[in-house]
Amino acid sequence: MTRAGRSGIYGDRDGSVTIKRTGHYSVDYELVPLELVAGKTRTMPDAFIAANGHDVTDAFRMYLRPLLGSGMPDAHRLRPNKVAKILAGRG
């Protein structure tokens, strides 16, 4: 369990858990006072949004990799399997 997680469970401190990069593929979790993060919305950079406006770029995937772990699968568009149509009353 991370230091921030232990503080939240066993301590009586208020705060927000933050993710801090410690390297290209590594992160650490910290508990910071709420007044340092409250009301400070961070928006997604334009470099992370694909030209079509509804997809993400490889830069965003690289940003996510250390947050989600090395086993992050490649994103693919899902398509439903074709299923034969069965009409009611026919058998």
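Please refer to the structure placed before this passage.
Here we summarise the structure given alongside this text. (Residues numbered from 1 in each chain as written. Predicted model: local features only at pLDDT ≥ 70, side-chain atom pairs only at ≥ 80, totals over all residues. Heavy atoms only, no water.)

### Focus: the environment of proline 66
Turning to step 1, where the next piece is worked out: Mapped onto the elements of the fold, proline 66 is located in helix α2 (residues 58-68).
Turning to step 2, where the next piece is worked out: Each C-alpha atom, one on proline 66 and one on glycine 23, is 8.9 Å from the other, the two residues being 43 residues apart in sequence.
Turning to step 3, where the next piece is worked out: With near-sequence residues (within four places) excluded, proline 66 lies in contact with Arg21, His24, Tyr25, Ser26 and Val27. (Helix = DSSP H or I, 4+ residues; strand = E, 2+ residues; numbered from the N terminus. Contact = heavy atoms within 4.5 Å.)

### What about α2?
Turning to step 1, where the next piece is worked out: Within α2, burial applies to Phe60, Arg65 and Pro66.
Turning to step 2, where the next piece is worked out: The secondary structure elements touched by the buried residues of α2 are β1 (16-21) and β2 (27-32). (Buried < 20%, exposed > 50% of the residue type's maximum accessible area, 1.4 Å probe, protein only.)

### Quick word on the layout of surface pockets
Turning to step 1, where the next piece is worked out: A volume near 190 Å³ is recorded for the largest pocket.
Turning to step 2, where the next piece is worked out: If you go around the largest pocket, the residues you meet are Val17, Thr18, Ile19, Lys20, Arg21, Arg42, Tyr63 and Leu67.
Turning to step 3, where the next piece is worked out: At the level of elements, β1 and α2 are the ones that each hand at least two residues to the lining of the largest pocket.
Turning to step 4, where the next piece is worked out: Counting residues per element, the lining of the largest pocket draws most heavily on β1, at five residues.
Turning to step 5, where the next piece is worked out: Taken together, the residues of the lining of the largest pocket break down into four nonpolar, one polar and three charged. (1 Å grid on protein atoms, 1.4 Å probe; cavity = no way out; pocket = protein on both sides within 12 Å on 5 of 7 lines; lining within 4 Å. Points joined across faces, edges and corners; volume = space filled by probe spheres on them. Nonpolar A, V, L, I, M, F, W, Y, C, P; charged D, E, K, R; others polar.)

### Points about the side chain of threonine 57
Turning to step 1, where the next piece is worked out: In this structure, threonine 57 sits in the loop between β2 and α2.
Turning to step 2, where the next piece is worked out: Those residues in contact with threonine 57 that lie beyond four places of it in its chain are Ala47, Phe48, Ile49 and Ala50.

### Digging into the packing of aromatic side chains
How two aromatic rings sit relative to each other is set out by the distance from centre to centre and by the angle between their planes.
Turning to step 1, where the next piece is worked out: Within the structure shown, the criterion is met by three aromatic pairs.
Turning to step 2, where the next piece is worked out: Between phenylalanine 60 and tyrosine 63, the ring centres sit 6.5 Å apart and the planes meet at 25°, which makes this aromatic pair stacked. Taken together, the residues span about one helical turn, with phenylalanine 60 and tyrosine 63 both in helix α2 at a distance of three residues.
Turning to step 3, where the next piece is worked out: For phenylalanine 60, a relative accessible area of 16% corresponds to the buried category.
Turning to step 4, where the next piece is worked out: We classify tyrosine 63 as partly exposed; its relative accessible area is 28%.
Turning to step 5, where the next piece is worked out: One aromatic cluster is present, built from ring pairs that chain together Phe48, Phe60 and Tyr63. (Phe/Tyr/Trp six-rings, centres within 6.5 Å; stacked < 30°, edge-to-face > 60°.)

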